[in-house]
Amino acid sequence: MNNTLKLTQKTQWKCGKCGGDLQRGLVKASYLGNDFEVEELKCVNCGLVLIDEELALGKMFEVEQSLEDK
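The structure contained in this document is the topic of the report that follows. Everything numeric in this text was worked out from a predicted model, so none of it was measured.

Calculation notes
Residues numbered from 1 in each chain as written. Predicted model: local features only at pLDDT ≥ 70, side-chain atom pairs only at ≥ 80, totals over all residues. Heavy atoms only, no water. Pairing = 2+ DSSP bridges. Helix = DSSP H or I, 4+ residues; strand = E, 2+ residues; numbered from the N terminus. Salt bridge = Lys/Arg side-chain N within 4 Å of Asp/Glu carboxyl O. Buried < 20%, exposed > 50% of the residue type's maximum accessible area, 1.4 Å probe, protein only.

### Describing the pairing of strand β1 (residues 22-31)
And then number 1: Pairing of β1 with strand β2 (residues 34-43) involves 10 bridges; the strand directions are antiparallel. Looking at β2, one finds that Arg24 is bridged to Leu41.
And then number 2: Connecting the antiparallel pair β1 and β2 is a turn made up of two residues, with Leu32 showing a positive phi of about 50°.

Have a look at this one:
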């Protein structure tokens, strides 16, 4: 079974903290003093961001490794 998170137009995500709707938009992320922007789902009420598995294990992991190697 494939556990990768698949986001489709029909998927309506709700915030686990406040129950608000999540909308896709640019989110500022920081790691070891370096800032970068990614497009992710964010709660319209409280601002909580959903980091999907692909980003956490893919791009963020690569950035983490490259910054720690410096």
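### Examining the sheet that holds β2
And then number 1: Spatially, β1-β2-β3 is the arrangement adopted by the three strands of the open sheet, whose pairing is antiparallel. The open sheet terminates on both sides in strands that have one partner only, identified here as β1 and β3 (49-50).

### Structural notes on the pattern of salt bridges
And then number 1: Per the counting criterion, the structure on display carries two salt bridges.
And then number 2: With a closest N to O distance of 2.4 Å, Lys14 and Asp21 form a salt bridge.
And then number 3: Residue class for Asp21 comes out partly exposed when judged on its relative accessible area of 31%.
And then number 4: Across the salt bridge formed by Asp35 and Lys28, the nearest N and O atoms sit 3.7 Å from each other.
And then number 5: Among the residues examined, Asp35 registers a relative accessible area of 48% and is labelled partly exposed.

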